[in-house]
Amino acid sequence: VLKCYEIFSLTKKTISFYGCATQMFMFLLFAGSECFMLAAMGYDRYNAICNPLLYNILMHKVTCMKLICGSWFIGAIVAIVQTILMFSLPFCRSHIINHFYCDVPPVLALACADTHIHEITTMFFTLSVVVGSFILTVISYSLIIWTIIKKHSASGRKKAFSTCTSHILVVTMFYGSGSVMYLRPKSSYGMGEDKFISLMYTVFAPFINPFIYSLRNNDVISAVRR
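Residues numbered from 1 in each chain as written. Predicted model: local features only at pLDDT ≥ 70, side-chain atom pairs only at ≥ 80, totals over all residues. Heavy atoms only, no water.

Help me out: how do you make sense of the overall build of the protein in this one?
From N to C terminus, the protein includes eight helices and three strands. Each helix and strand of the protein, ordered N terminal to C terminal, gives the series β-β-α-α-α-β-α-α-α-α-α. Counting across all 226 residues of the protein, residues that qualify as buried make up 39%. Across the protein, every contact between residues at least 6 apart in sequence was considered, and the portion connecting residues at least 24 apart equals 70%. (Helix = DSSP H or I, 4+ residues; strand = E, 2+ residues; numbered from the N terminus. Buried < 20%, exposed > 50% of the residue type's maximum accessible area, 1.4 Å probe, protein only. Contact = heavy atoms within 4.5 Å.)

Help me out: how do you make sense of the UniProt feature "transmembrane region" (unreviewed entry) in the protein in this one?
In the numbering used here, UniProt assigns the feature "transmembrane region" (unreviewed entry) to residues 15–43, 64–85, 124–149, 161–184 and 196–215. In residues 64–85, helix accounts for 100% and strand for 0%; the two terminal C-alpha atoms are 32 Å from one another. (UniProt positions renumbered as here; feature names shortened; annotations may be inferred.)

I would appreciate a short explanation of the environment of L89 in the present structure.
Position of L89 relative to the elements: it lies in the loop between α3 (61–86) and β3 (96–97). Distance from L89 to D114, taken between C-alpha atoms, is 8.9 Å for residues 25 residues apart in sequence. Apart from the residues within four sequence positions on either side, L89 is in contact with L108, A111, A113, D114, T115 and H118.

What's the story with the packing of aromatic side chains in this structure? I'm lost.
Aromatic ring pairs: the centre-centre distance and the angle between the two ring planes describe each pair. This model, assessed by the stated rule, comprises eight aromatic pairs. With a centroid separation of 5.2 Å and an interplanar angle of 85°, the aromatic rings of F17 and F87 are classed as edge-to-face. Within this pair, whereas F17 is found in helix α1 (residues 17–50), its partner F87 is found in the loop between α3 and β3, the two being separated by 70 residues in sequence. Relative accessible area serves as the criterion here: at 30%, F17 is assigned to the partly exposed category. Taking relative accessible area as the criterion, F87 reaches 14% and is therefore assigned buried. Ring centres of F17 and F91 lie 6.2 Å apart, and the angle between their planes is 65°; this geometry places the pair in the edge-to-face category. Here F17, found in helix α1, pairs with F91, found in the loop between α3 and β3; they are 74 residues apart in sequence, far enough to count as distant. Here a set of aromatic residues connected by ring pairs shows up, and it is made of F17, Y18, F87 and F91. (Phe/Tyr/Trp six-rings, centres within 6.5 Å; stacked < 30°, edge-to-face > 60°.)

Please clarify how the packing of α3 against helix α5 (residues 116–150) should be interpreted in this entry.
In a pair of packed helices, the angle between the axes and the distance between the axes together describe the arrangement. The interhelical angle for the contact between α3 and α5, taken along N-to-C directions, is 165°, at an axis separation of 11 Å. Taken together, the axis directions place α3 and α5 in an arrangement best described as roughly antiparallel. In terms of crossing hand, the pair formed by α3 and α5 is left-handed. Across from V78, V81, Q82, L85 and M86 in α3, the residues of α5 making contact are H118, T121, T122, F125 and V129. Of the residues contributing to the contact of α3 with α5, the split by class is six nonpolar, four polar and no charged. (Axes fitted to C-alpha atoms, helices over the stretch in contact; angles between N-to-C directions. Parallel < 35°, antiparallel > 145°, perpendicular 65-115°, else oblique. Left-handed = near helix turned anticlockwise from the far one by under 90°. Nonpolar A, V, L, I, M, F, W, Y, C, P; charged D, E, K, R; others polar.)

Where do I start with a nonpolar patch on the surface in this structure?
Among the surface-exposed residues, F73, I74, I77, I80, V81 and I84 lie close enough to one another that they form a single nonpolar patch of about 520 Å² accessible area. Given the relative accessible area of 40%, I80 is considered partly exposed. (Patch = residues over 30% accessible without salt bridge, like charges linked within 9 Å, V, L, I, M, F, W, Y side chains within 5 Å. Areas by Shrake-Rupley, 256 points an atom, 1.4 Å probe, with all protein chains shown as cover. Salt bridge = Lys/Arg side-chain N within 4 Å of Asp/Glu carboxyl O.)

For this particular structure, what's the right way to read the pattern of salt bridges?
Close approach of charged atoms lets side chains of opposite charge pair. Tallying each qualifying case throughout the model produces one salt bridge. Between D44 and R45 there is a salt bridge; the shortest N-O distance is 3.6 Å. Of the residues examined, D44 reaches a relative accessible area of 17% and is grouped as buried. For R45, a relative accessible area of 12% translates into the label buried.

In this structure, what is going on with the nonpolar core? I would like to understand it.
Nonpolar side chains in soluble globular proteins generally cluster together in the buried interior. Ranked by size, the top nonpolar core spans 39 residues in total, and within it F87 and V107 carry the most contacts. Counting only elements with at least two residues in this core, the list comes to α1, α3, α4 (104–108), α5, α6 (154–182) and α7 (191–213). The greatest single-element share of this core, amounting to nine residues, is contributed by α1. Within the second largest apolar cluster, seven residues are counted, among which are I49, C50, I144 and I148. (Core = buried A, V, L, I, M, F, W, Y, C linked by side-chain atoms within 4.5 Å.)

Looking at this structure, I do not really get the packing of α1 against α3. What am I missing?
Interaxial distance between α1 and α3 falls to 7 Å at its minimum, and their mutual angle equals 150°. The chirality of how α1 crosses α3 is right-handed. Contacts between α1 and α3 involve A21, M24, F25, L28, L29, F30, G32, S33, F36, M37, A40 and Y43 from the former and L67, I68, S71, W72, I74, G75, A76, A79, I80, Q82, T83 and M86 from the latter. Taken together, the residues of the contact of α1 with α3 break down into 18 nonpolar, six polar and no charged.

This is the structure we're talking about:
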């Protein structure tokens, strides 16, 4: 049985060994999938702005399904491999996880074996998933910016930028906090800082996402003004 510290009340919540493994798997599955879904959304914005006349052909229903299924597949592979590697370690130290859920860094800190290989593996998956999907997103937006710059109409540029604003805000919050959390060496872990960073992409970002994506909705804007 493992114990997690509740971040707000500092009370201990117990969780079983397999429950912790399941929680980590689900978190990695959703986080990995979201990375590539954000990249897919960047590709969608690219087609909407750079190829507006071909948008319905390029972003056909079948294409969208392939992008979604591919994102979930990659997320599942990463989650399975990472979870198996993490919970194959011996845990002979304290069973208290200084975190509010079973994340990779705080669970790895409890292992009493050499975790060098596991740190390298975590870094590899982080670079492959987070950095890889981020690069795809950057490529999409580089082409978008180039297209916007070539527009002669100021209203056209404004409309194109407004199409991307909400997605850029979400990408910045998600990738920024995730990179700080997982691209640091184990020696620099500060659990107090990690809890705050984790709040950014597990609680704060999902909470404000509906508001961010609603900023372009005229009814919502009118309601906020009233």
